[in-house]
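Commentary on secondary and tertiary structure
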Amino acid sequence: MDLRRHRFGENHGTCDRRGTDGDGPLTTSVSSAPAARLTGVALALALLGAATLAAGWDPRLTFHVVRLGLFDPPGDVFAAVMFHYATLPRLVVSLLAGASLGLAGAAMQTVLRNPLASPTTLGVATGAQFALALAALAGPSAAFLPREAWSFLGALGAAGLVHLIGKRHDFEPAKLALAGMAISLFLSAASAALVLFNEQQLAFLFLWGSGHLAQSDWTGAVVLSLAFVVAAAVLVASARVIGLLAVGDGLAESLGLRTETARVAVLLVAVALTAAVVARVGIVGFVGLAIPAVVRLCRPRSVAVTLLASAGLGALALFAADALAQLLSGASGRLVPAGAVTALFGAPVLFLLLARTRLQTRPKPSALRSAGTFEDAGPGLFLKLGLLLGLVAAAALTIGRTGAGWELLDPAGDGTLLLARLPRVLGAGLAGAAIALSGLLVQKIVGNDLASPELLGISNGAAAAIVLVALIFGVVSRTLLLLSGFLGAIGATLIVLWFARRHRDQIAAVLLAGIALGVFLDSIVRIALANASMQAATLLTWLSGSTVLVSLPETLWLAVFLAASLGLVLACRRPIGLLDLGAELPQALGLKVRAVQAATLFLAALLASAATMIIGPLSFVGLIAPHLARLFGTRLLAAHVAATALFGAVVMVASDFVGRVAMSPWQLPGGLVAGLFGSLGFILLTGRRRSGAGAA
């Protein structure tokens with residue numbers, strides 16, 4: 001058996017023997033269907049890219065000018081110079097960067113046996129970006145290493161941490177992807193904090209983080225060509241080893257392969273290739289995730305073909321996306337990043353592909369949750385949490401920091417300042433509780449503790465709708481913004497609910513679809529903000545989770561809604577709790593599972609959109625708060641709900657307080673601080689727990 005022909009999760013047909021003596025080589029009987037599928041997809045992408053490039057072609061670039069600009073353009077023909085040093089390098093870079101990302105993504109997914117793996121979902125690209133931001137701040141003192149080296153060090157650090165966490169969980173797809181997303185979010189929040197305090201030096205990060213392929217010489221093309229050729233040669237030559245890793249560690253080790261060493265070596269090549277791309281063009285999303293998925297559905301017959309096909313389709317995909325980005329930029333007079341276009345069109349393609357395929361199934365959650373003791377946390381936990389929340393809120397109201405140092409406000413003499421801080425504290429606490437409760441409900445519906453509103457695209461739906469309404473209609477009322485955010489969250493919720501019903505036993509597929517939807521909506525926000533002017537600063541502040549604009553009436557409205565939601569969840573705790581048992585047993589007990597799932601997800605969307613509308617998107621609060629409540633021994637749903645809401649409130653109030661006083665006179669948005677510490681806390685929690693060792 002030629003193990004280079006293996007692809008995880010796929011059937012590759014029958015085998016027969018060829019040769020007159022019956023001892024000929026073992027070959028695989030294949031049809032031309034895979035080659036035809038791959039050729040069809042390649043032709044479609046090539047035609048799309050060529051047509052888009054022709055539609056946006058500069059009329060000054062005539063055949064004569066192009067001929068002059070191919071090799072050594074004359075200095076007196078400006079159009080030829082621009083073609084040689086700008087247009088042609090950008091075309092070559094788009095092909096090389098796309099090929100590199102497709103190849104890196106295919107290698108990662110194969111050796112990890114994980115359809116969720118990619119340079120972006122594993123935090124590799126974000127690690128490279130963060131390292132480059134630090135190098136830019138260091139200035140001349142970091143010039144002793146090229147930026148590709150700094151990019152590789154950052155990517156290697158992020159990938160190494162993800163690998164360590166994944167190894168503790170046997171590289172389970174959903175947990176590995178979530179660890180990568182947590183690390184990516186942590187580094188993104190850290191990069192955003194750096195930008196806030198070094199806006200002049202790091203202003204390029206906003207555009208560069210969306211993947212901008214503009215070139216001014218051939219340096220980027222030369223660097224990427226060398227990186228791609230070396231990486232492709234190494235990976236294709238290692239096709240047999242990669243095939244063994246795709247089969248499984250047990251079989252590979254029985255054949256004498258050191259699986260851990262081989263896996264790390266392949267991942268190092270993929271990480272280095274990704275780092276080179278990020279160093280030259282920034283973060284280009286979805287090519288490394290969607291293209292290998294497309295290739296896998298075409299069922300290539302060997303690992304080498306999979307790698308090369310992913311590289312080829314990746315090159316054509318980014319070529320087409322960049323051509324479309326240039327066309328849109330020329331038509332609108334505004335800059336449209338190529339990376340945002342890849343996410344804009346790659347996410348729906350991946351979503352449709354997921355709807356037609358099946359990924360590996362997950363174990364029934366009931367088997368995990370029914371084991372162990374049913375002792376529940378007593379009232380002492382809630383007393384301590386209430387006291388902690390009161391202390392944090394009191395500190396946020398009365399403690400401040402100025403240029404002269406720390407100060408304690410006097411309620412009698414500083415009543416105006418206290419009243420100004422009151423909406424911030426109330427808004428942070430209520431929004432944190434709301435998003436935490438939403439996260440718990442989403443986990444119950446999906447049937448896995450790895451789900452959360454932001455990972456399923458619900459928060460992104462509310463954010464995208466609010467940003468678009470604000471930019472299209474200009475100055476609008478707060479009520480209209482709240483309504484648009486609600487409709488956006490509901491729309492995203494309906495998409496996720498439809499997909500979850502079709503893939504109810506496949507948490508990896510549901511999470512991947514949620515990530516795809518979130519990235520799609522985030523790309524809309526990025527394109528809109530790249531073309532915004534005066535409103536961009538306000539929207540960026542809101543998108544970071546700032547409580548500066550929160551008003552007292554809004555907090556009172558949110559308090560009433562949160563209290564009603566808590567009462568409704570507690571009143572319906574029995575049917576919601578039965579969702580943990582899967583679908584068959586609750587149905588046997590007379591529960592209308594689909595109706596309960598739909599109603600619960602609708603309420604979760606309301607809570608997520610309410611929190612998002614008040615202070616902006618909150619990352620990882622809805623994920624880590626239920627984990628914290630579970631960590632402190634809550635088992636019964638009523639206790640879990642109460643503890644989750646309290647933990648969410650404590651996290652957000654503390655985050656807003658830290659963001660206000662830590663870097664005085666500058667202020668960090670509370671949502672940014674919560675994302676920074678929430679993702680870090682989740683990384684630590686995930687690193688401590690082995691697969692099967694808990695509900696997670």
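What you see is a predicted model, and the numbers here were worked out from it, not measured in a lab.

Before going further, it helps to examine the overall build of the protein. Per the secondary structure count, the protein includes 28 helices and four strands. About 28900 Å² of surface is accessible on the protein, with carbon and sulfur atoms providing 68% of the total.

We now examine a nonpolar patch on the surface. A cluster of nonpolar residues, V658, F677, L680 and L684, forms a patch on the protein surface that exposes about 350 Å² of accessible area. It is helix α28 (residues 670–688) that provides the largest number of residues to the nonpolar patch, a total of three residues.

Attention now moves to the pattern of salt bridges. According to the stated counting rule, one finds seven salt bridges in the structure shown. Notably, a salt bridge pairs R90 with D322, separated by 2.7 Å at the nearest N-O pair. Of this pair, R90 sits in helix α3 (residues 78–112) while D322 sits in helix α13 (residues 303–332); the two residues are 232 residues apart in sequence, bridging distant segments of the chain. The shortest N-O distance in the salt bridge between R280 and E148 comes to 2.6 Å. In this pair, R280 is assigned in helix α11 (residues 259–281) and E148 in helix α5 (residues 147–168), connecting sequence segments 132 residues apart. Neither residue differs from the other here; R280 and E148 are each classed as buried. Connected through salt bridges with shared partners, the residues R113, D249, E260 and R263 form a single ionic network.

Here we come to unusual backbone geometry. Only a minority of non-glycine residues have a phi that is not negative, and only a minority of peptide bonds are not trans. Backbone geometry places R113, a non-glycine residue, at a positive phi of 50°. Of note in this structure, R299 is not a glycine but carries a positive phi near 55°. With respect to the helices and strands, the residue R299 is situated in the loop between α12 (287–297) and α13. A relative accessible area of 35% means that R299 is categorised as partly exposed.

Next up on the list: the nonpolar core. Counting residues in each nonpolar core, the largest one holds 67 residues, and the members touching the most others are L103, M108, L112, L122, L235 and L307. Per-element tally for this core: the top contributor is α11, with ten residues. Listed in part, the 65 residues of the second largest apolar core include A428, L521, I576 and V621.

A word on the packing of aromatic side chains. Counted according to the given criterion, the structure contains four aromatic pairs. Relative to F83, the ring of W57 lies with its centre 6.4 Å away and its plane at 65°, an arrangement referred to as edge-to-face. Placement of the pair is W57 in the loop between α1 (33–55) and α2 (63–69) and F83 in helix α3, with a sequence separation of 26 residues. Ring centres of F144 and W150 lie 5.6 Å apart, and the angle between their planes is 80°; on these two criteria the pair is classed as edge-to-face. Residue class for F144 comes out exposed when judged on its relative accessible area of 61%.

This part takes up the packing of α3 against helix α8 (residues 219–237). One way to put it is that α3 packs onto α8 with a least axis distance of 9 Å and a crossing angle of 30°. When the axis of α3 is compared with that of α8, the two are roughly parallel. Our pair here, α3 against α8, has a crossing hand that is left-handed. Contacts from V92, V93, L96, A97, A99, S100, L103 and A107 in α3 reach G220, A221, L224, S225, F228, A231, A232 and L235 in α8. Residues belonging to the contact of α3 with α8 are distributed by class as follows: 13 nonpolar, three polar and no charged.

Another aspect to go through is the packing of helix α9 (residues 239–247) against α11. Packing of α9 against α11 leaves a shortest axis separation of 10 Å and a crossing angle of 115°. Relative to α11, α9 is oriented so that their crossing is left-handed. Contacts between α9 and α11 involve V241, I242 and L245 from the first element and T259, A262, R263 and V266 from the second. Grouping the amino acids of the contact of α9 with α11 by side-chain chemistry returns five nonpolar, one polar and one charged.

Quick look at helix α4 (residues 124–138) now. Between its terminal C-alpha atoms α4 stretches 21 Å, which fits the 21 Å expected from 15 residues at 1.5 Å a residue. Along α4, the positions that sit buried rather than exposed are V124, A125, T126, G127, A128, Q129, A131, L132, A133 and A135. Phi turns positive, to about 70°, at G139, one or two residues after α4.

Note that an α-helix has 3.6 residues per turn; residues three or four places apart therefore point the same way. Relative to the 33 Å expected for 23 residues at 1.5 Å per residue, helix α25 (residues 593–615) spans 33 Å between its end C-alpha atoms, a close match to the ideal helical length. Along α25, 18 of the 23 residues are buried, which leaves the element largely enclosed by surrounding structure. A positive backbone phi angle near 95° is found at G616, which sits one or two residues after α25.

Before going further, it helps to examine the environment of P34. With respect to the helices, strands and loops of the structure, P34 is situated in helix α1. Residues P34 and C298, spaced 264 residues apart in sequence, show a C-alpha to C-alpha distance of 5.3 Å.

This next bit is on the environment of S310. Topologically, S310 is positioned in helix α13. Relative accessible area serves as the criterion here: at 0%, S310 is assigned to the buried category. As for S310 and A106, which are separated by 204 residues in sequence, their C-alpha atoms are 6.4 Å apart. Those residues in contact with S310, other than ones at most four positions away along the chain, are G102, L103, A106, I291, P292 and V295.

Glancing now at the confidence of the model for the protein. Per-residue pLDDT for the protein averages 79, and the proportion of residues at 70 or more is 81%. Ranking the elements of the protein by mean pLDDT puts strand β2 (residues 26–28) last with 35 and α8 first with 94. Every residue in residues 1–31 is under pLDDT 50, and counting partners more than four places away or in other chains gives 60 contacts.

Turning to the side chain of S94, a few remarks are in order. Positionally, S94 belongs in helix α3. One polar contact links the side chain of S94 to the main-chain carbonyl oxygen of L91, over a distance of 2.6 Å.

With that out of the way, let us pick up the environment of T493. Tracing the sequence through the fold places T493 in helix α19 (residues 478–502). Distance from T493 to A604, taken between C-alpha atoms, is 8.8 Å for residues 111 residues apart in sequence. When residues no more than four places from it in sequence are discounted, the contact partners of T493 are I458, L601 and A605.

What counts, and at which threshold
- Residues numbered from 1 in each chain as written.
- Predicted model: local features only at pLDDT ≥ 70, side-chain atom pairs only at ≥ 80, totals over all residues.
- Heavy atoms only, no water.
- Helix = DSSP H or I, 4+ residues; strand = E, 2+ residues; numbered from the N terminus.
- Areas by Shrake-Rupley, 256 points an atom, 1.4 Å probe, with all protein chains shown as cover.
- Patch = residues over 30% accessible without salt bridge, like charges linked within 9 Å, V, L, I, M, F, W, Y side chains within 5 Å.
- Salt bridge = Lys/Arg side-chain N within 4 Å of Asp/Glu carboxyl O.
- Buried < 20%, exposed > 50% of the residue type's maximum accessible area, 1.4 Å probe, protein only.
- Core = buried A, V, L, I, M, F, W, Y, C linked by side-chain atoms within 4.5 Å.
- Phe/Tyr/Trp six-rings, centres within 6.5 Å; stacked < 30°, edge-to-face > 60°.
- Axes fitted to C-alpha atoms, helices over the stretch in contact; angles between N-to-C directions.
- Parallel < 35°, antiparallel > 145°, perpendicular 65-115°, else oblique.
- Left-handed = near helix turned anticlockwise from the far one by under 90°.
- Contact = heavy atoms within 4.5 Å.
- Nonpolar A, V, L, I, M, F, W, Y, C, P; charged D, E, K, R; others polar.
- Expected span 1.5 Å × (residues − 1).
- pLDDT = per-residue confidence, 0-100.
- Polar contact = N/O pair within 3.5 Å; in protein donor to acceptor, adjacent residues only side chain to side chain.

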